[in-house]
Amino acid sequence: MENRLSQAELAKIVAEVERLSQRQSEELSSEQVQEILRELNLPPELLDEAIIQLRRREALSAQQQRNRWIYGGVAAAAIVAIASTGFFIQQNQQAIARVSAQQDRITFAQDNGGNFATINRQSNPEVFYRVTLKDAPIGQKLSLACDWISPSGQVVKQNRYQTRQIDKSVWNTYCRNQLGTAAPTGTWKVQMSLSGRPISDASFEVK
């Protein structure tokens, strides 16, 4: 089958042949190079070794260039990753900073919706501090803490816990403390904190 060429293909072939011809005319044969070396009073027997060294340097230069591109790409990726992480952390901190307490109550385990101001220690009650949070960040978990402070100002119990993954912006949570019959009487205080930031507190009387 006869191969036919279009005018465009023919023009490309002619250009390629001209390029190869030009390259061939510019290249020197081994004998020509050796003759030049002799004219320069250089030992022609070192030609092969010189060619090997030249190829090595060219290969090394090409590898160094590739490495620079690779290192540059890695550095750029690292910068993007750090910037993205910083942005995420900032967004997360801003979301946590918006969280506040909408309502808080002192109750027992059986919650009837009330808010106890006075508690009898003789019943050995387990006291619950129930807090309704607003603007809770959906999809995140919050690190909460409660300090139970006796009338003398001493923190007698600390609760540290993490919520489940939040699925609504208004979120109910609680901490608890078992008050024994030997608990000091007087005005107690319980304080809830979010990532170290106090967000609510309540006082109650123990008799």
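Quick look at the structure, then. (Residues numbered from 1 in each chain as written. Predicted model: local features only at pLDDT ≥ 70, side-chain atom pairs only at ≥ 80, totals over all residues. Heavy atoms only, no water.)

**Here we look at the sheet that holds strand β1 (residues 100-107)**
Reading across from one edge, β1-β3-β6 is the order of the 3 strands in this open sheet, with antiparallel pairing throughout. The open sheet has two free edges, formed respectively by β1 and β6 (171-178), since each of these has just one partner strand. Between one strand axis and the next, the sheet turns by 20° as a mean value, whatever way the strands run. Direction of pairing for β1 relative to strand β3 (residues 126-134): antiparallel, over a ladder of 7 bridges. The residue of β3 that forms the bridge with Thr107 is Phe128. (Pairing = 2+ DSSP bridges. Helix = DSSP H or I, 4+ residues; strand = E, 2+ residues; numbered from the N terminus. Axes fitted to C-alpha atoms, helices over the stretch in contact; angles between N-to-C directions.)

**Section: the nonpolar core**
Judged by nonpolar contacts, the single largest core of 26 residues is most densely connected at Tyr129, Val190 and Phe204. Broken down by secondary-structure element, the contributors of at least two residues to this core are β3, β4 (143-149), β6, β7 (186-194) and β8 (197-206). Other than its neighbours up to four places away in sequence, Phe204 contacts Ile106, Phe116, Ala117, Ile119, Trp148, Leu179, Gly186, Thr187, Trp188 and Val190. (Core = buried A, V, L, I, M, F, W, Y, C linked by side-chain atoms within 4.5 Å. Buried < 20%, exposed > 50% of the residue type's maximum accessible area, 1.4 Å probe, protein only. Contact = heavy atoms within 4.5 Å.)

**Thoughts on the layout of surface pockets**
One number sums up the size of the largest pocket: a volume of about 190 Å³. Looking at the largest pocket, the residues that line it are Ser30, Val33, Leu47, Asp48, Ala50, Ile51, Leu54 and Arg55. Elements that contribute at least two residues to the lining of the largest pocket include exactly α2 (30-39) and α3 (47-97). The residue makeup of the lining of the largest pocket, split by class, is 5 nonpolar, 1 polar and 2 charged. (1 Å grid on protein atoms, 1.4 Å probe; cavity = no way out; pocket = protein on both sides within 12 Å on 5 of 7 lines; lining within 4 Å. Points joined across faces, edges and corners; volume = space filled by probe spheres on them. Nonpolar A, V, L, I, M, F, W, Y, C, P; charged D, E, K, R; others polar.)

**A closer look at the pattern of salt bridges**
In the structure shown here, the tally under the stated rule is 7 salt bridges. Between Arg38 and Glu35 there is a salt bridge; the shortest N-O distance is 3.6 Å. Taken together, the residues Arg38 and Glu35, both in helix α2 and 3 residues apart, mark about one turn of the helix. According to the relative accessible area criterion, Arg38 is partly exposed, its value standing at 43%. (Salt bridge = Lys/Arg side-chain N within 4 Å of Asp/Glu carboxyl O.)

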